[in-house]
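The chain contents come next:
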Amino acid sequence: MLRRDEIFPSTVLTTDRLLVRPFVAADAPDVHAAWQDAAFIDGAPIGYPYAGADLPTAAVWCTSGIEQQRLDGKGVGFALVPRGGGRLVGHVLLFGADWEARTAEMHYWTAPWGRGRGYAAEGAAVVAGWALAECGLERVHLQADTANTASLRTAETAGFHFEGVLRNLTPTRRGTRADMAVYSLIPADLL
């Protein structure tokens, strides 16, 4: 049985430009469109079940799948939407929560129509800050393919600290293996 402090609270966060909130059914068409994007599919890990997934899968994911991950104490996902309204521009996820060690890993993506505006970095920074300051985590970390310059830039812009490279770690859809850059944030980084 999970303790109350082993489940991320359901919350809405804000930045100057973004509403960072739980997913809702109306997000499914935009999530589906992002999952169909060639750059998203190419960058997704082998075995990632949502790369190229259909609209019904996106609908289930938005309405119950991502929420179930939160209720199971495994993580929490957020939709990134402009504060002034408009379509979903991205997603930030904390996953692999280890409540004993007080750590979680982060994943993010930006929809094709939202790229190049810093939305992922803005969302990643506010979610990591919330997790460290409000949820009692001691470390939020992420891995980014060293060939994915946008993801590396997102981590750095969000304030994550580069720790090193895990060489030849992950098989890619291109038939090669990727070196993965490791980044982290800890509570002392928020001061």
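Please read all numbers here as calculations on a predicted model, not as lab measurements. Here the residue index of a chain counts from 1 through its sequence in written order. pLDDT decides what is reported in this predicted model: residues at 70 or higher carry local features, side-chain atom pairs at 80 or more are listed and counted, and totals for whole chains, interfaces and linings draw on all residues regardless. In computing side-chain values, all of the structure's heavy atoms are included and hydrogens and water are not.

Undergrad: For the overall build of the protein chain, give the residues involved together with the corresponding values.
TA: Secondary structure is summarised from DSSP: a helix means a run of H or I of at least four residues, a strand means a run of E of at least two, and numbering begins at the N terminus for each. A tally of regular secondary structure across the protein chain gives five helices and eight strands. Each helix and strand of the protein chain, placed in order from N terminus to C terminus, yields the pattern β-β-α-α-α-β-β-β-α-β-α-β-β. Relative accessibility decides the category of a residue: with a 1.4 Å probe and only protein chains considered, values under 20% of the type maximum give buried, values over 50% give exposed, and everything between is partly exposed. Relative to its full complement of 191 residues, the protein chain shows a buried share of 45%. Contacts in the protein chain between residues far apart in sequence, at least 24 positions, make up 61% of those at least 6 positions apart. Using the Shrake-Rupley algorithm and a 1.4 Å probe, accessible areas are obtained, with residue cover drawn only from the displayed protein chains. Total accessible area computed for the protein chain in this model is approximately 9400 Å², and 54% of it derives from carbon and sulfur atoms. With 17 positive and 21 negative side-chain charges, the protein chain shows a separation of 4 Å between the mean positions of the two kinds. In this analysis, two residues are considered to be in contact whenever any of their non-hydrogen atoms come within 4.5 Å of each other. When charges are tallied, Lys and Arg are placed among the positive residues and Asp and Glu among the negative ones, while His and the ends of the chain are skipped. In this description, the location of a charge corresponds to atom NZ of lysine, CZ of arginine, CG of aspartate or CD of glutamate.

Undergrad: Now, about the sheet that holds strand E8 (residues 177-185): what can you tell me, with residues and values included?
TA: Pairing in this open sheet of eight strands is mixed, and the strands run E1-E2-E3-E4-E5-E6-E8-E7 from one edge to the other. Looking at strand neighbours, the two that pair on one side only are strand E1 (13-14) and strand E7 (161-171), the edges of this open sheet. The convention used is that axes are lines fitted to C-alpha atoms, helices contributing only their stretch in contact, and that angles between N-to-C directions extend from 0 to 180 degrees. Contacts between helix H3 (residues 55-71) and the sheet are confined to strand E3 (76-82) and strand E4 (90-98), with E4 contributing the most and set at about 30° to the helix. Any two strands are treated as partners once DSSP identifies two or more bridges connecting them.

Undergrad: Break down the side chain of arginine 102 for me, citing the residues and quoting the values.
TA: Inspection of the secondary structure puts arginine 102 in the loop between E4 and strand E5 (103-110). One side-chain nitrogen of Lys or Arg within 4 Å of one carboxyl oxygen of Asp or Glu is enough to make a salt bridge. Of the side chains with opposite charge, aspartate 5 lies nearest to the buried arginine 102, which makes no salt bridge, at 4.2 Å. Throughout this description, a polar contact denotes any pair of N or O atoms lying within 3.5 Å of each other; where both atoms belong to protein, one of them has to be capable of donating a hydrogen while the other can accept it, and for residues adjacent in sequence the pair is counted only when both atoms sit in side chains. Here the side chain of arginine 102 touches glycine 136 through a polar contact of 3.2 Å, landing on its backbone oxygen.

Undergrad: Tell me about the packing of helix H1 (residues 28-36) against H3, and please be specific about residues and values.
TA: Put simply, H1 and H3 touch, their axes get as near as 8 Å, and they point 125° apart. Considering their axes alone, H1 and H3 lie oblique with respect to each other. In the packing of H1 onto H3, the handedness of the crossing is right-handed. On H3, the residues touching Ala28, Pro29, Val31, His32 and Trp35 of H1 are Leu55, Thr57, Ala58, Ala59, Trp61 and Cys62. Of the residues assigned to the contact of H1 with H3, the class counts are nine nonpolar, two polar and no charged. Any angle that is under 35 degrees is reported as roughly parallel, and any over 145 degrees as roughly antiparallel; angles of 65 to 115 degrees are reported as roughly perpendicular and all others as oblique. Should the near helix be turned anticlockwise from the far one by less than a right angle, the crossing is termed left-handed; should it be turned clockwise, right-handed. Asp, Glu, Lys and Arg are counted as charged, while Ala, Val, Leu, Ile, Met, Phe, Trp, Tyr, Cys and Pro are counted as nonpolar; the rest, among them Gly, fall into the polar class.

Undergrad: Let's hear about the layout of surface pockets: which residues, and what values?
TA: For the largest pocket, the calculated volume is near 1300 Å³. Looking at the lining of the largest pocket element by element, the count peaks at six residues for E5. Among the residues making up the lining of the largest pocket, the classes are represented as 24 nonpolar, 15 polar and eight charged. Computed over the protein atoms alone on a 1 Å grid, cavities are sets of points where a 1.4 Å probe fits but cannot get out and pockets are open sets with protein on both sides within 12 Å along at least five of seven lines; a residue lines them when it has an atom within 4 Å of a point. Grid points are joined across faces, edges and corners, and a volume is the space filled by probe spheres set on the points.

Undergrad: Can you tell me about the nonpolar core, naming the residues and giving the values?
TA: Side chains that are nonpolar tend, in soluble globular proteins, to be buried together. Residues Phe8, Leu94, Met106, Val127, Trp130, Val140 and Phe160 are the most contacted members of the largest nonpolar core, which totals 37 residues. Where this core is concerned, the elements lending two or more residues are strand E2 (18-21), E3, E4, E5, helix H4 (119-133), strand E6 (139-145), helix H5 (149-157) and E8. If you tally residues by element for this core, the top one is H4, at 10 residues. Ignoring sequence-local partners within four residues, the contact set of tryptophan 130 consists of Phe8, Pro9, Thr11, Leu13, Val76, Phe78, Leu94 and Cys135. In these notes, a set of buried Ala, Val, Leu, Ile, Met, Phe, Trp, Tyr and Cys residues joined through side-chain atoms within 4.5 Å is what counts as a nonpolar core. Grouped together as the second largest cluster of nonpolar side chains are 19 residues, Ala34, Trp61, Val81 and Leu93 included.

Undergrad: So what's going on with the environment of cysteine 62? Which residues, and what values?
TA: Turning to its location among the elements, cysteine 62 is positioned in helix H3. Of the residues examined, cysteine 62 reaches a relative accessible area of 2% and is grouped as buried. Once the C-alpha coordinates of cysteine 62 and histidine 32 are considered, the two residues, 30 residues apart in sequence, prove to be 9.9 Å apart. With near-sequence residues (within four places) excluded, cysteine 62 lies in contact with Phe23, Val24, Asp27, Ala28 and Val31.

Undergrad: Would you mind going over H1 in detail, with residue names and values included?
TA: Every buried residue of H1 is accounted for by Ala28, Asp30, Val31, Ala34 and Trp35. Projected onto a plane normal to the axis of H1, the buried residues spread over an arc of 165° and lie on a single side. Looking at the buried residues of H1, the elements they touch are helix H2 (38-43), H3 and E5. Directions from the helix axis toward the C-beta atoms define the arc.

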